[in-house]
Amino acid sequence: MKKMLFVMNPYSGQRRANRYLTEIIGLYNRAGYEVMIHMTAGPGDASRVVGERAGDMDLVVCCGGDGTFNETISGLLQNGLDVPVGYIPAGSTNDFAASMHLPTHVMQAAQLVLDGKPVAYDVGKFGDRYFAYVASFGAFTRASYVTPQNVKNALGHTAYVLEGITELSQIRKEHIRMEIDGRVVEDDFLFGAISNSTSVGGILTLDPSLVDMSDGLLEVLLVRAPRNLLEIHECIQAVQSQKYNCAMITFCSGHEIKVWADPDMPWTLDGEREEGHSQVEAVNQHLAIRLIREVP
């Protein structure tokens, strides 16, 4: 009998996946899987159990939000494990799942784990941590980890938008120097993202034609601090139109990104807080994970 490690965050999103647990496990049992269920008990728990148990498994399935998925793949990569991963998105925003066009209905996503095929994708490494889809700083990035879980559960994605709006009055510009495959960019920025995704924070969207999640490259999006109303308007227009080739925004791709910043400036990795660094490197880990998804 095949073995599956099923890792679930019972507090993700509006806890909507909880009521499907019996149905999900029954589905996998009938498909011939012996399922080991682990309910996460707190930060880092998913990484720990995946690192300890996944080596004996044929498949790992993560049910939760982007943070739980981040911990799942981190547990694999930190321990040198190459096991296919299924993802049942059940968080408040599910940026990574949106980029992958995974089903939003819990049981449809659960079925896709059986019907789909493993496809290799890139992952980012930020210092000694991994990210599935984004490492970001500045405006709106705090919302994902400062919004209380009960508010996320009650309001879902709206919680992020509301927190982002209240954050506007507290936004400060950050002086950043980046070296992107040798190209240097240095300025004051309101927001920056190193990503491998078409959706960042549920707020910014990148054109899918510009993002290949298996090309060995990470995308860099930097929004400069506007000095007047005209530049504010230019930023808003660029974000709304998804046309990032303007003076206020830098958009490019690279394999290795070196960053120099204020060590007190926090980052967000896949929605989870990362402490600041005076210098840090983000490097693409080419085809590092195998995610099960629908293949035409």
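Note: the structure precedes this text.
Residues numbered from 1 in each chain as written. Predicted model: local features only at pLDDT ≥ 70, side-chain atom pairs only at ≥ 80, totals over all residues. Heavy atoms only, no water.

Caption draft 1: Looking closely at helix α3 (residues 66-78). Given a rise of 1.5 Å per residue, 13 residues ought to cover 18 Å, and the 18 Å separating the end C-alpha atoms of α3 matches this to within 8%. Taking burial as the measure, the 13 residues of α3 include twelve buried ones, the bulk of the element. Every buried residue of α3 is accounted for by Asp66, Gly67, Thr68, Phe69, Asn70, Glu71, Thr72, Ile73, Ser74, Gly75, Leu76 and Leu77. Looking one or two residues beyond α3, the residue adopting positive phi is Gly80, at roughly 65°. (Helix = DSSP H or I, 4+ residues; strand = E, 2+ residues; numbered from the N terminus. Expected span 1.5 Å × (residues − 1). Buried < 20%, exposed > 50% of the residue type's maximum accessible area, 1.4 Å probe, protein only.)

Caption draft 2: View of the nonpolar core. By size, the foremost hydrophobic cluster in this structure holds 43 residues, and its most contacted members are Val50, Phe69, Tyr87, Phe96 and Ile249. Sorting elements by how many residues they give to this core places α3 first, with four residues. Excluding residues within four positions of it along the chain, Phe69 makes contact with Cys62, Val85, Tyr87, Phe96, Ala132, Ile289 and Leu291. (Core = buried A, V, L, I, M, F, W, Y, C linked by side-chain atoms within 4.5 Å. Contact = heavy atoms within 4.5 Å.)

Caption draft 3: Main features of the packing of aromatic side chains. One pass over the structure, following the stated rule, counts six aromatic pairs. Aromatic side chains Phe69 and Phe96 sit 4.8 Å apart centroid to centroid with 25° between the ring planes, which places their arrangement in the stacked category. With Phe69 in helix α3 and Phe96 in helix α4 (residues 95-100), this pair connects stretches of sequence that are 27 residues apart. Comparing Phe69 with Phe96 shows no difference in burial state: the two are buried. Here the aromatic rings of Tyr87 and Phe96 are separated by 6.5 Å at their centres, their planes lie at 40°, and the arrangement is tilted. The exposure class assigned to Tyr87 is buried, which follows from its relative accessible area of 3%. With relative accessibility at 2%, the residue Phe96 sits in the buried group. Following the ring pairs from residue to residue traces out a cluster consisting of Phe69, Tyr87 and Phe96. In this arrangement the basic side chain of Arg177 is found over the ring face of Trp260, its NZ or CZ atom lying 5.3 Å from the centre. (Phe/Tyr/Trp six-rings, centres within 6.5 Å; stacked < 30°, edge-to-face > 60°. Lys NZ or Arg CZ within 6 Å of the ring centre and 35° of its normal.)

Caption draft 4: Representation of helix α2 (residues 45-53) within the structure. Every buried residue belonging to α2 is among Asp45, Ala46, Ser47, Val49 and Val50, and all of these are buried. Contacts made by the buried residues of α2 are with β1 (2-8), β2 (33-39), β3 (59-64) and α3.

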